[in-house]
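If you want the building blocks of each chain, they are given just below.
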Amino acid sequence: FFFFFFDFTFVCPTEITSFNNHFEEFEKRNCILFVSSIDSEFVHLAWRNADANLKKLKFPMIADTSKSLSKKLGILEKENKIAYRATYIIDPDGVIQHVSVNGLNVGRNVAETIRLLDAFQNGGLVPCDWQPGQATIQVN
């Protein structure tokens, strides 16, 4: 589940497009993607229709127009009342396993999100800088 702050911006579509381009990788990991901003569903639709990279989006866009979800999650920027770039990995039991929040001007790394999913799904003790296929920490 990830947030961006506005439709019709410059960095946000690069992130959404990257998540979309990696959709099958998330699907292989039984991960369901959702994206949200504070824009309305009408603005989401207009943006998707206007941007060729967003027309074939494979996951839903959520409209947090009340800003209530952003506020409850603590990612609502106070001055402009927009959501930060936040990424959540939530397990099947509804427990948040990972949160990362970027400032408004820096896009996130989708490959790192996938690496984190692999690490969480690994089930072992995963060391720093671990990559899929590498050994985990074994406790004797």
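Here's what I pulled together on the structure shown here. Note that the structure is a prediction, hence the values are computed from the model and not measured. (Residues numbered from 1 in each chain as written. Predicted model: local features only at pLDDT ≥ 70, side-chain atom pairs only at ≥ 80, totals over all residues. Heavy atoms only, no water.)

**With respect to the environment of D118**
The following threshold applies: The helix and strand labels rest on DSSP assignments: H or I over at least four residues marks a helix, E over at least two residues marks a strand, and numbering proceeds from the N terminus. Burial classification: accessible surface area is computed with a 1.4 Å probe over protein chains only, and a residue below 20% of its type maximum counts as buried, one above 50% as exposed, and the rest as partly exposed. It only takes one pair of heavy atoms within 4.5 Å for two residues to be counted as in contact. Any pair of N or O atoms that falls within 3.5 Å is considered a polar contact. Within protein, one atom must be able to donate a hydrogen and the other to accept it, and sequence-neighbouring residues count only if both atoms are side-chain atoms.
Mapping D118 onto the fold places it in helix α5 (residues 110-122). Assessed through its relative accessible area of 16%, D118 is described here as buried. Taking the C-alpha atoms as reference, D118 lies 9.9 Å from F26; in sequence the two are 92 residues apart. When near neighbours in sequence (up to four residues on either side) are disregarded, D118 contacts R29, W130 and P132. Of the polar contacts made by the side chain of D118, one reaches the side chain of R29; its length is 2.5 Å.

**Some points on α5**
At 3.6 residues per turn, the α-helix brings residues three or four places apart onto the same side. Put simply, the test is: By this rule the span expected of a helix is its residue count minus one, scaled by 1.5 Å.
End to end, α5 covers 18 Å across 13 residues, agreeing with the expected 18 Å (1.5 Å per residue, within 8%). Taken as a whole, α5 has its buried residues at V110, T113, I114, R115, L116, L117, D118 and A119. Where α5 begins, one side-chain oxygen reaches toward the backbone nitrogen of A111, 3.0 Å away; that side chain belongs to N109. Once α5 finishes, G123 follows within two positions and takes phi at roughly 85°, a positive value.

**Examining the state of the cysteines**
Keep this limit in mind: Two cysteine sulfurs form what is called a disulfide whenever their separation falls within 2.5 Å.
Throughout the structure, instances matching the rule amount to zero disulfides. The thiol sulfur of C31 is not disulfide-bonded, and the nearest other cysteine sulfur, from C12, lies at 20 Å.

**Quick look at the packing of aromatic side chains**
Here a ring pair, both rings aromatic, is described through the centre-centre distance and the interplanar angle of the planes. Applied cut-off: Centres within 6.5 Å make a pair out of two Phe, Tyr or Trp rings, where for Trp the six-membered ring is used; the pair is then stacked when the planes are under 30 degrees apart, edge-to-face when over 60, and tilted otherwise.
Evaluation of the coordinates by the stated rule reveals 11 aromatic pairs. Ring centres of F2 and F19 lie 3.9 Å apart, and the angle between their planes is 15°; this geometry places the pair in the stacked category. Of the two residues, F2 is situated in strand β1 (residues 2-3) and F19 in helix α1 (residues 12-21); the sequence distance between them amounts to 17 residues. The exposure class of F19 is buried, given its relative accessible area of 1%. With a centroid separation of 6.1 Å and an interplanar angle of 45°, the aromatic rings of F8 and W47 are classed as tilted. Highlighted residues: F8 in the loop between β1 and α1 and W47 in helix α3 (residues 41-50), separated in sequence by 39 residues. Here the aromatic residues F2, F19, F23, F26 and F59 are joined through ring pairs into a cluster of three or more.

**Thoughts on the pairing of strand β5 (residues 96-102)**
Selection criterion: Think of it this way: DSSP has to see at least two bridges between two strands before they count as a pair.
Relative to β5, strand β4 (residues 85-90) is paired through six bridges, and the arrangement is antiparallel. When the sheet's bridge partners are listed, R85 is paired in β5 with N102.

**A few points about the side chain of T9**
Structurally, T9 is set in the loop between β1 and α1. The class of T9 is buried, set by a relative accessible area of 19%.

**Here we look at the nonpolar core**
We apply this condition: As used in this record, nonpolar core signifies buried Ala, Val, Leu, Ile, Met, Phe, Trp, Tyr and Cys residues forming a set joined through side-chain atoms within 4.5 Å.
Among the nonpolar cores identified, the biggest contains 22 residues, and I16 and F59 are the most heavily contacted of them. It is α5 that contributes the most residues to this core, four residues altogether. Not counting chain neighbours up to four residues away, the residues in contact with I16 comprise F2, F4, V35, W47, L54, L57, F59 and M61. Grouped together as the second largest cluster of nonpolar side chains are six residues, F1, I75, A83 and Y88 included.

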